[in-house]
Amino acid sequence: MGKYKKYRAIFFDWDGTAVRSRKAPVGEAVEKMKPLLRQGVKLVIVSGTTIENIAGGKIEEYFTEQELDNLYLGLGRGAYNYAFQEGKACIFYDMLPDIECLEKIHRICFEIHVDLKKQYGFDTDIVFSRPNYCKIDLMPNSFRGENLFLQENELEILKESLCRHEIVGGLNGLIELAVNTGREFGMEVKPTCDAKYLEVGISSKSDNVDVIFQKIRKETGIRAEECAFWGDEFVGIEEGIFGSDSFMVTELTRDGDFFDVSEVPGKRPDGVIKVGGSVERFLMFLQEQYL
Ligand SMILES: [Mg+2]
């Protein structure tokens with residue numbers, strides 16, 4: 001195709017963009033990444049998950065020390081930023097809440113859960129075990145199985161469910177509830193929503209891309225225009241609410257090029273190009289970037 005310009009840095013989501021699922025083999029992604037890393041292209045994996053869930057926690061074993069010099073990981077929705085030193089993953093900047101702060105996030109989420117139950121009879125489950133945020137499961141009876149990314153019919157199912165429970169503000173209402181509940185506890189939370197989960201924490205993928213982009217900029221003088229950003233969850237779930245990958249669009253990165261491999265219909269943030277084609281399309285792009 002050859003329709004893409006050559007980029008000096010490529011930021012990309014992992015699950016659903018570079019690999020089909022968390023347990024899927026990583027061989028193909030690795031094979032496409034290696035030549036680019038050797039060529040000096042900066043590759044940045046930006047994922048909501050933690051390092052144990054990227055290539056079974058063994059990402060460094062797939063690359064040489066020299067290749068790893070150009071690889072970065074922005075993980076845990078803003079919490080962890082890794083570069084590699086002598087072939088080992090090192091956190092160079094973290095945004096982990098301290099124990100009091102984390103406790104407050106737990107209380108805020110429990111409050112949201114109780115509110116939704118009391119006011120609307122709306123059931124939720126909460127995943128408390130993340131180091132820096134909680135996941136409020138808005139569809140406790142629907143399972144994603146191994147495929148942790150947004151499923152095509154989930155939006156419809158959730159919207160229907162919110163309607164049935166007369167939650168008039170819809171997802172915007174939920175985000176607002178999270179922000180307001182946070183304020184009651186004296187905290188500015190950054191809630192995100194991908195249909196199944198309302199996630200509440202103090203950082204997001206925006207913090208990952210900003211921190212890593214600034215590090216690379218400092219070291220190489222790179223500009224946002226020289227960066228590409230790929231994901232599978234940009235789609236707007238509702239007016240003004242976009243998917244988790246839309247958080248890669250920030251003040252600092254907005255001049256970059258943004259691509260969505262998902263086919264899900266709906267609004268994307270301004271400037272995000274829907275290329276579709278799922279994981280295969282992204283891997284083909286990587287291959288085409290190799291000179
Ligand atoms: Mg994804």
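Values in this document were obtained by computation on a predicted structure and should not be read as measured data.

This part is about the domain arrangement of the chain. One can read the domain layout of the chain as domain 1 (9-95 + 204-289) and domain 2 (99-201). Its C-alpha centre places domain 1 at a distance of 25 Å from the equivalent point of domain 2. Of the residues lining the interface, 20 residues belong to domain 1; the matching set on domain 2 comes to 21 residues. Here the residues of the side of domain 1 that touches domain 2 sort into five nonpolar, seven polar and eight charged.

A few words now on the nonpolar core. Ranked by internal contacts, the top residues of the largest apolar core, which has 78 residues, are Ile10, Phe11, Val44 and Val200. Counting residues domain by domain, this core receives three or more from each of domain 1 (9-95 + 204-289) and domain 2 (99-201). Filtering out sequence-adjacent residues up to four positions away, Phe11 remains in contact with Val44, Val46, Val209, Cys227, Phe229 and Met248.

Note on sheets: strands pair through backbone hydrogen bonds, and any given pair is parallel or antiparallel. Taken together, four strands build an open sheet; the order of strands is S6-S7-S9-S8 and the sheet is antiparallel. Of all strands in the sheet, those with a lone pairing partner are strand S6 (125-127) and strand S8 (192-193), marking the two edges. As paired strands, S8 and strand S9 (residues 197-201) are joined by two bridges and run antiparallel to one another. Bridge assignment links Cys193 to a residue of S9, and that residue is Leu198.

Here the focus is the sheet that holds strand S11 (residues 257-260). Within the open sheet, the eight strands sit side by side as S5-S4-S3-S2-S1-S10-S11-S12. Their pairing is mixed. Each end of this open sheet is capped by a strand with a single partner; those strands are strand S5 (88-94) and strand S12 (272-274). The average angle at which neighbouring strand axes cross in this sheet is 25°, direction not considered. Strand direction decides the pairing type here: S11 and S12, joined by three bridges, are parallel. Each bridged residue has a counterpart across the sheet, and for Asp260 the counterpart in S12 is Lys274.

What follows deals with helix H5 (residues 170-184). Between its first and last C-alpha atoms H5 spans 21 Å; for 15 residues at 1.5 Å apiece the expected length is 21 Å, and the two agree. Taken as a whole, H5 has its buried residues at Leu171, Leu174, Ile175, Ala178, Thr181 and Gly182. All buried residues of H5 fall inside an arc of 130° around its axis, so they share one side. Opposite the packed face of H5, turned more than 90 degrees from it, sit the exposed residues Glu176, Arg183 and Glu184.

Here is what the cut-offs are and how they apply
Residues numbered from 1 in each chain as written. Predicted model: local features only at pLDDT ≥ 70, side-chain atom pairs only at ≥ 80, totals over all residues. Domains from an automatic or database assignment. Contact = placed C-beta atoms within 7 Å. Nonpolar A, V, L, I, M, F, W, Y, C, P; charged D, E, K, R; others polar. Core = buried A, V, L, I, M, F, W, Y, C linked by C-beta atoms within 7 Å. Buried ≥ 20, exposed ≤ 12 C-beta atoms within 10 Å, placed from the backbone. Pairing = 2+ DSSP bridges. Helix = DSSP H or I, 4+ residues; strand = E, 2+ residues; numbered from the N terminus. Axes fitted to C-alpha atoms, helices over the stretch in contact; angles between N-to-C directions. Expected span 1.5 Å × (residues − 1). Arc of directions from axis to C-beta.

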